[in-house]
Amino acid sequence: MDVSQGYREAWEGYWSSTSGVPGEAIWDSDPSLNSVPHSELLLPYADTALPVVDLGCGNGTQTRYLATRFPRAIGVDLSQAAIGHARRADSVGIAEFEQLNLVDGDAVQALRERIGDTNVYMRAVIHQSEPEARPAVAAAVATLLGARGRAFVAELTPASKTVLQQAAQAPGGPPEKLRRVFEHGLRPASATEEEVPELLRAAGLTTLASGPTALAQTEHLPDGTRIDLPARWFVLAADR
């Protein structure tokens with residue numbers, strides 16, 4: 001299985017037109033708002049002697065923080081342009097970055113065989129994936145975990161779509177960073193409330209803990225309010 005050519009080109013186009021400036025991507029918020037609190041939820045369940053793989057790492061902001069909590073951090077992304085940004089931003093080599101299509105089961109298995117059981121961090125990947133590809137994305141998490149790894153997965157809920165629609169209808173139209181997402185044909189918050197936990201279960205993943213959260217964005221409404229998108233987080237283990 002593979003992603004569609006249009007989906008691949010949409011992400012490559014987005015990251016190719018994005019500079020290396022921190023926060024230019026709407027989801028590129030500071031780790032203190034994302035991977036820092038997320039790590040605190042994951043660590044009580046995780047073997048911190050294992051590495052961590054950041055799925056859909058983008059320009060690597062969160063991966064570089066994860067490298068301070070685990071002995072090895074590998075960021076992977078479908079977009080080669082995103083991986084280029086991540087490598088340039090990590091001049092001291094605190095983390096590793098490589099292109100990976102999560103829908104390519106053979107490629108995911110090859111990574112698993114190379115690094116062994118690993119922890120996984122995945123923030124807002126399933127919801128924007130093509131519907132037919134979502135089971136494979138969830139399966140990639142299970143494959144990488146093996147018997148000992150644990151995953152932290154956070155996904156937008158449908159309520160996020162309402163927040164984004166309201167932002168898009170602001171005077172003057174969508175804020176610049178959100179407008180760029182729409183222009184490149186990316187479709188955030190397209191998964192249903194029930195779909196994500198069902199996909200995780202079907203992939204052979206057991207939920208150890210979960211709860212509501214909000215994913216902070218780097219864009220603001222005209223009144224200065226930061227856009228925070230409703231989401232749900234899961235700490236997961238693979239059924240073995």
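Because the structure is a prediction, the values reported are computed rather than measured.

### Observations regarding the overall build of the chain
Part 1 of the reasoning: Looking only at helices and strands, the chain features nine helices and seven strands.
Part 2 of the reasoning: Against the compact-globule benchmark of 18 Å for 240 residues, the chain has a radius of gyration of 17 Å, which places it among compact chains.
Part 3 of the reasoning: Overall, the chain is about 50 × 40 × 35 Å in size when its C-alpha atoms are taken along their principal axes.
Part 4 of the reasoning: A separation threshold of at least 6 residues defines the contact pool for the chain, and within that pool the share at least 24 residues apart is 71%.
Part 5 of the reasoning: Of the roughly 10000 Å² that the chain leaves accessible, carbon and sulfur atoms contribute 52%.
Part 6 of the reasoning: On the chain, the mean spot of the 21 positive side-chain charges and the mean spot of the 30 negative ones are 3 Å from each other.

### Focus on the packing of helix α1 (residues 5-16) against helix α4 (residues 80-89)
Part 1 of the reasoning: Interhelical geometry of α1 versus α4 gives an angle of 35° and a closest axis separation of 7 Å. Of α4, the residues touching α1 (which contributes Glu12, Trp15 and Ser16) are Gln80, Ala81, Ala82 and His85.
Part 2 of the reasoning: In the contact of α1 with α4, the residues fall into three nonpolar, three polar and one charged.

### Some details on the sheet that holds strand β6 (residues 205-220)
Part 1 of the reasoning: The seven strands lie next to each other as β3-β2-β1-β4-β5-β7-β6, forming an open sheet whose pairing is mixed. Every other strand in the sheet has two partners, leaving β3 (96-99) and β6 as the edge strands with one partner each. Sheet twist, expressed as the mean angle between neighbouring strand axes with direction ignored, is 20°.
Part 2 of the reasoning: Pairing analysis gives four bridges linking strand β4 (residues 119-123) to strand β5 (residues 151-156), with the strands arranged parallel. Directly across from valine 120, in β5, lies its bridge partner alanine 151.
Part 3 of the reasoning: Of the strands in this sheet, β2 (73-77) and β3 are in contact with α4, which crosses β3 at around 165°.

### Regarding the packing of aromatic side chains
The geometry of an aromatic ring pair is captured by the separation of the ring centres together with the interplanar angle, meaning the angle of the planes.
Part 1 of the reasoning: Considering all chains together, one arrives at seven aromatic pairs under this definition.
Part 2 of the reasoning: Members of the aromatic cluster, joined through ring pairs, are Trp11, Tyr14, Trp15 and Trp27.

### With respect to the pairing of strand β1 (residues 52-55)
Part 1 of the reasoning: Burial along β1 is two-sided: the face carrying Val52 and Asp54 and the face carrying Val53 and Leu55 are both buried.
Part 2 of the reasoning: Crossover handedness for the path β1 to helix α3 (residues 61-66) to β2: right-handed.
Part 3 of the reasoning: In this sheet, β4 lies alongside β1 in parallel orientation, the contact comprising four bridges. Paired with valine 52 across the two strands is asparagine 119, which belongs to β4.

### Some details on the environment of arginine 112
Part 1 of the reasoning: Counting through the fold element by element, arginine 112 comes out in helix α5 (residues 105-115).
Part 2 of the reasoning: Once you skip the residues sitting within four places of it in the chain, arginine 112 turns out to touch Asp117, Thr143, Leu144 and Gly146.

### Examining unusual backbone geometry
Part 1 of the reasoning: Phi at alanine 124 is positive, roughly 60°, even though this residue is not glycine.
Part 2 of the reasoning: Within the secondary structure, alanine 124 sits in the loop between β4 and α6 (134-145).

### Some points on the pattern of salt bridges
Between side chains of opposite charge, pairing is possible as soon as their charged atoms come close.
Part 1 of the reasoning: Inspection of every chain in the model, using the stated rule, returns 11 salt bridges.
Part 2 of the reasoning: One salt bridge in this structure joins glutamate 40 and arginine 69, with 3.0 Å as the shortest N-O distance. One end of the pair, glutamate 40, is in helix α2 (residues 35-42); the other, arginine 69, is in the loop between α3 and β2, with 29 residues separating them in the sequence.
Part 3 of the reasoning: Looking at glutamate 40, the relative accessible area reads 46%, which means it is partly exposed.
Part 4 of the reasoning: Two residues, arginine 179 and glutamate 176, come together in a salt bridge whose shortest N-O distance is 2.4 Å. With arginine 179 and glutamate 176 both in helix α8 (residues 176-183) and three residues apart, this pair spans about one turn of that helix.
Part 5 of the reasoning: One continuous salt-bridge network, built from bridges that share partners, spans Asp47, Arg112, Asp117 and Arg148.

What counts and how
Residues numbered from 1 in each chain as written. Predicted model: local features only at pLDDT ≥ 70, side-chain atom pairs only at ≥ 80, totals over all residues. Heavy atoms only, no water. Helix = DSSP H or I, 4+ residues; strand = E, 2+ residues; numbered from the N terminus. Rg over C-alpha atoms; globule rule 2.2 N^0.38 Å. Contact = heavy atoms within 4.5 Å. Areas by Shrake-Rupley, 256 points an atom, 1.4 Å probe, with all protein chains shown as cover. Lys, Arg positive; Asp, Glu negative; His and termini not counted. Charge placed at Lys NZ, Arg CZ, Asp CG, Glu CD. Axes fitted to C-alpha atoms, helices over the stretch in contact; angles between N-to-C directions. Nonpolar A, V, L, I, M, F, W, Y, C, P; charged D, E, K, R; others polar. Pairing = 2+ DSSP bridges. Phe/Tyr/Trp six-rings, centres within 6.5 Å; stacked < 30°, edge-to-face > 60°. Buried < 20%, exposed > 50% of the residue type's maximum accessible area, 1.4 Å probe, protein only. Right-handed = clockwise from strand over helix to strand, strands pointing away. Salt bridge = Lys/Arg side-chain N within 4 Å of Asp/Glu carboxyl O.

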